[in-house]
Each structure stands twice: as C-alpha cells, then as structure tokens.
Amino acid sequence: MIPASELPINADGSVFHLHLRPEQLADRIILVGDPGRVATVSAHFDVIEYDVASREFHTITGTYHGKRISCVSTGIGCDNIDIVMTELDALANIDLAKREPRSDHRQLTLVRIGTCGGLQPTTPIGTFVASVRSIGFDGLLNYYEGRDGVCDLGLERAFTRHMQWSARKGAPYAACADAELIDRIACTDMMRGITIACGGFYGPQGRSVRLRPQDPMQNQKVKSFRHIVEPWGELRVCNYEMESSALAGLSSLLGHKAMTCCMVIANRYNKEMNTEYKNSIDNLIQLVLDRI
C-alpha cells in the first residue's frame, strides 16, 4: 500500500497536482509547456469531454478524428515533468482507492510539443526537431533506480569527455526516446537529432545577461559534438529545451512510449529570435494530432 505522504490524493479521488481522475485521462497524451497552448491543441478536437485546470497544469480530454486524446500542460522544467509523469502513471497504473499498483499495465503514448533554441546552421527558425536522444543537464533521472537501463551510456561518456564536464554541475544523463514513436511522428519532415534539456533558460543555456556562464565555451563545444546513434547514424546536438530528457527517461522507466518534437524559435548560431511564433506552431500541432 502506497502511503498518503508518498502519493497525495485529493478528497474527490483526483491526483494531487493535476486534479485528474483516472477516467479523465486518455491513452494518447500531448504535453505542452504553456497552459494557454492546451486550448490551441483542443481547438482541433471534434468533442471535448473534460476540462480541468490546477496551477500551471491544464488538461483537456476529447476526441480527434475518432482518437481519444488528452492535452496536458506541464509548465516549464524537468522538475515539473517529474510531477506530471508520476501522476499520469498513477492514474493509469495505480488503484487510487486501494493505493496499490494494478496487476495489468496500461501503457501511455506521450508526445511533447514544444519550442526550442536551434544550435546549428541547419536549424533555422521554423525547423521541426524530433529528439532521438535527450541529454539532461538537470540531473533528475539520477535520483531514480534503473536509470542506466534506459540511458545511452556511450553517449553520456562521449559527451562528458567532449565537454570537459565540471563535476560541480552533476552528471548529465542521455535518455532515449521511443524509436517507433520517433519514426511515426517525425516521418520525413522533422529533423532527427540530439537535444539538450537544460535546468534553466539563461546561464544553463550559455546565455550571458549580467551573470556570466561558468563555461563561456559551452555552446561552441555543444555545437561541435557528434555521435553515432543507431539506427539513425551520426547525429549532432540540434537544440536546447527544458523538458525532453525527464520525459523520455521517466516514461521508459515506467513502461510508456514518449518523445519530444519542438519548433525552433531561436537560432543561437545566427543569434536570431522569433517571439511571434504562436500562430506557426499550429502546423506542428496538426502533424502530431494526425500521427499520434
């Protein structure tokens, strides 16, 4: 039996942060960072069944062309993904009344639609990137038993050597997205690559405002890194974002299928930024809805 202190459940039978009950969750889930983007996704739904909001977590469940889909906002950061993934899995695989794991595992399919900063001359603004591997700078997966079994350890070692990684930052981990889901969602119109999930938007991504990054050469070293990732061959680090590593790693540990696809809204190589991206990201949303 799972104690109340380990898995808080609200008086109405919903999980603590998301405020969802099991019947309100579909097997296909689209994750977005911005709560406002949930309405953008659900505007494509034919029918809306549930609309639940709590803090930065907003969920709308409905149907799209006969497919039942939930769209859930996570807020920003891998720490929020830890909350969202744990509670989504609890809704699917724990009897909340008895506080016991269910005997039959329910597998969820999760696709995160986000925005990112491109790191290569081949990732201009507007590029769609599918994250085959996600290197987590946040360290979250290192707190969980079994992390080595769901990570690309060779990629971790090669990246750590290449970056001359400072031990003060904690060990990066390289989480693997679901290969079948990558091929299904990315098809031929998304760039496959390695993504770095950062623990912040400014210093951790090599930005300098008033505070200076610990490693002023970080972005140059990241840009030059490449690694063989089967079956896709040699890949480069395409982009920075802030959630993909925790999503891929936790989903694998929990037995779910997950991946991240992002639209580039800033190119760090060309030092360009598009802040008026909200209309154009609807094209990526449409692709994912059709393919999930």
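In this text the structure is predicted, and so the values were computed from the model without any measurement.

What follows covers helix 6 (residues 244-254). A large share of helix 6 lies buried, amounting to eight of its eleven residues. Within helix 6 the residues assigned to the buried category are Ser244, Ser245, Ala246, Leu247, Ala248, Gly249, Leu250 and Ser251. Once helix 6 ends, the next one or two residues include Gly255, with phi positive near 85°.

Right, let's talk about a nonpolar patch on the surface for a bit. Among the surface-exposed residues, Tyr143, Tyr144 and Leu253 lie close enough to one another that they form a single nonpolar patch of about 330 Å² accessible area. Looking at the secondary structure, you find Tyr144 in the loop between strand 8 (128-136) and helix 3 (153-163). For Tyr144, a relative accessible area of 32% translates into the label partly exposed.

Mapped onto the elements, Pro101 comes out in strand 6 (residues 100-101). Through-space distance from the C-alpha of Pro101 to that of Leu284 is 35 Å; in sequence the pair is 183 residues apart. In this view, Pro101 contacts Asn93 and Ile94; residues no more than four positions away in its chain are not counted.

Turning our eyes to something else, we now look at the packing of helix 2 (residues 78-93) against helix 6. One can describe the packing of helix 2 onto helix 6 by two numbers: an axis separation of 9 Å at closest approach and a directional angle of 25°. Looking at the two axes, helix 2 sits roughly parallel to helix 6. Remark: the crossing between helix 2 and helix 6 carries right-handed chirality. Side by side, helix 2 and helix 6 meet where Cys78, Ile81, Asp82, Met85 and Asp89 of the first sit next to Ser245, Ala246, Leu247, Leu250, Ser251 and Leu254 of the second.

A full pass over the atoms with the stated rule returns five aromatic pairs. Judged by centre distance (4.8 Å) and plane angle (55°), the ring pair of Phe137 and Trp165 falls under tilted. Separated by 28 residues along the polypeptide, Phe137 in the loop between strand 8 and helix 3 and Trp165 in the loop between helix 3 and strand 9 (173-176) bring together distant segments of the chain. Across the pair, exposure class does not vary: Phe137 and Trp165 are buried alike. Residues Phe201 and Tyr202 carry aromatic rings whose centres are separated by 4.9 Å and whose planes lie at 80° to one another, so their mutual orientation is edge-to-face. One aromatic cluster in this structure is built from Phe137, Phe159, Trp165 and Phe225. Here the basic side chain of Arg207 rests over the ring of Phe201, its NZ or CZ set 3.9 Å away from the ring centre.

The rules we used
- Residues numbered from 1 in each chain as written.
- Predicted model: local features only at pLDDT ≥ 70, side-chain atom pairs only at ≥ 80, totals over all residues.
- Heavy atoms only, no water.
- Buried < 20%, exposed > 50% of the residue type's maximum accessible area, 1.4 Å probe, protein only.
- Helix = DSSP H or I, 4+ residues; strand = E, 2+ residues; numbered from the N terminus.
- Patch = residues over 30% accessible without salt bridge, like charges linked within 9 Å, V, L, I, M, F, W, Y side chains within 5 Å.
- Areas by Shrake-Rupley, 256 points an atom, 1.4 Å probe, with all protein chains shown as cover.
- Salt bridge = Lys/Arg side-chain N within 4 Å of Asp/Glu carboxyl O.
- Contact = heavy atoms within 4.5 Å.
- Axes fitted to C-alpha atoms, helices over the stretch in contact; angles between N-to-C directions.
- Parallel < 35°, antiparallel > 145°, perpendicular 65-115°, else oblique.
- Left-handed = near helix turned anticlockwise from the far one by under 90°.
- Phe/Tyr/Trp six-rings, centres within 6.5 Å; stacked < 30°, edge-to-face > 60°.
- Lys NZ or Arg CZ within 6 Å of the ring centre and 35° of its normal.

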